[in-house]
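Read off the chains here:
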Amino acid sequence: MTQKSLSKKMMILAGAHQVFVRKGFHAVTMTDIVEQCGISRGGLYRYFNSTEEIFRALLMENNKQTQEAFSAQMKAHMPFQQIMDAFWTSQRIELTEIHDSIMTAAYEFFLSHCNAEDRELLHRQQDHSITELSRLIDYGVQRGEIQVEASRTAAAHIVIFLEGLRVLALSTDLTEDFIREQLDFIQIHLYERSV
């Protein structure tokens, strides 16, 4: 894929992301994405055949960006605590602004697409999150900043905990104080297990 094609594809994904945030998953049409991106219908279909394909690509791009961000931070030898602080801040923002995020669309997508391919995609999404957090925890252990014997287990607990908070945040109005309190609890628990 040429740089120009890659740029066009990324522009489409950015525009589609905005549409999915506004409308959820089910209400989005290819026409919505064409209008958001200011491209021709043929221009969109050159890269994607359906809203489902676009949404899957968005999920994969999000995974890639997370992995690249963690890798860059570790390569730059940033302190584990600083990387984790940024992670927790991003989670707090996502939770407090969840109705302005892609999470509604993500749950609509996964709850309505129950075929084996999409179940496998959800499994890969969860596994990717656990793997990346586990890699980050291992980094903190290697730097001597924390002591965790089972980094993958700790990472899985964090991922499941955050998933539960997202569902709760989508289904009810959580205060910023409640969200902060919950995130503080899981952080303290992680670090207490490290001592």
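As the structure is a computational prediction, the values presented were derived from the model and not from experiment.

When helices and strands are counted, the chain shows 9 helices and 0 strands. Of the regular secondary structure in the chain, the N- to C-terminal order runs α-α-α-α-α-α-α-α-α. Referenced to the eigenvectors of the C-alpha coordinate spread, the extents of the chain come out at roughly 60 × 40 × 30 Å. Counting all 195 residues of the chain, 42% fall into the buried class. For the chain, the accessible surface area stands at approximately 10900 Å², while carbon and sulfur atoms represent 53% of it. Considering the chain, the positive charge centre built from 19 side chains and the negative charge centre built from 26 side chains are found 9 Å apart.

Turning to the packing of helix α5 (residues 80–96) against helix α8 (residues 151–171), a few remarks are in order. Axis separation between α5 and α8 bottoms out at 10 Å; the angle between their running directions is 20°. If you check the angle between α5 and α8, you find them roughly parallel. Crossing angle aside, the handedness with which α5 passes α8 is right-handed. Contacts from Phe87, Trp88, Gln91, Glu94 and Leu95 in α5 reach Ile158, Leu162, Leu165, Arg166 and Ala169 in α8. Looking at side-chain class alone, the contact of α5 with α8 contains 7 nonpolar, 1 polar and 2 charged residues.

For the rest of this paragraph, the subject is the nonpolar core. In terms of nonpolar packing, the biggest core is built from 32 residues, with Met84, Phe87, Trp88, Leu136, Ile158 and Leu183 touching the most fellow members. Of all the secondary structure elements, the ones that give two or more residues to this core are α4 (51–75), α5, α6 (103–112), α7 (116–142), α8 and α9 (176–194). Residue contributions to this core peak at 9 residues, all from α8. Beyond its immediate sequence surroundings of up to four residues, Met84 is in contact with Leu136, Leu190 and Tyr191. Judged by nonpolar contacts, the second largest core, of 27 residues, contains Ile33, Val34, Cys37 and Phe55.

Let's shift gears to the confidence of the model for the chain. Looking at the chain, the pLDDT average stands at 91 and 97% of residues meet or exceed 70. Confidence, read as mean pLDDT per element, is least for α9 in the chain (83) and greatest for helix α2 (residues 30–37) (97).

Between the first and last C-alpha of helix α1 (residues 3–23) there are 30 Å, a value that for 21 residues agrees with the 30 Å anticipated at 1.5 Å per step. Close packing links the buried residues of α1 with α2, α3 (41–45), α4 and α6. One or two positions beyond α1, positive phi appears at Gly24, with a value near 80°.

So, on to the packing of α7 against α8. The geometry of α7 relative to α8 is characterised by a closest axis approach of 8 Å and an angle of 125° between their N-to-C directions. By the angle between their directions, the pair α7 and α8 is classed as oblique. Once α7 is placed against α8, the crossing between them reads as right-handed. Counted together, Gln126, Asp127, Ser129, Ile130, Thr131, Leu133, Ser134, Ile137 and Asp138 of α7 and Ser151, Arg152, Ala154, Ala155, Ala156, Ile158, Val159 and Ile160 of α8 form the full contact between these two elements. Of the residues assigned to the contact of α7 with α8, the class counts are 9 nonpolar, 5 polar and 3 charged.

Definitions and limits used
Residues numbered from 1 in each chain as written. Predicted model: local features only at pLDDT ≥ 70, side-chain atom pairs only at ≥ 80, totals over all residues. Heavy atoms only, no water. Helix = DSSP H or I, 4+ residues; strand = E, 2+ residues; numbered from the N terminus. Buried < 20%, exposed > 50% of the residue type's maximum accessible area, 1.4 Å probe, protein only. Areas by Shrake-Rupley, 256 points an atom, 1.4 Å probe, with all protein chains shown as cover. Lys, Arg positive; Asp, Glu negative; His and termini not counted. Charge placed at Lys NZ, Arg CZ, Asp CG, Glu CD. Axes fitted to C-alpha atoms, helices over the stretch in contact; angles between N-to-C directions. Parallel < 35°, antiparallel > 145°, perpendicular 65-115°, else oblique. Left-handed = near helix turned anticlockwise from the far one by under 90°. Contact = heavy atoms within 4.5 Å. Nonpolar A, V, L, I, M, F, W, Y, C, P; charged D, E, K, R; others polar. Core = buried A, V, L, I, M, F, W, Y, C linked by side-chain atoms within 4.5 Å. pLDDT = per-residue confidence, 0-100. Expected span 1.5 Å × (residues − 1).

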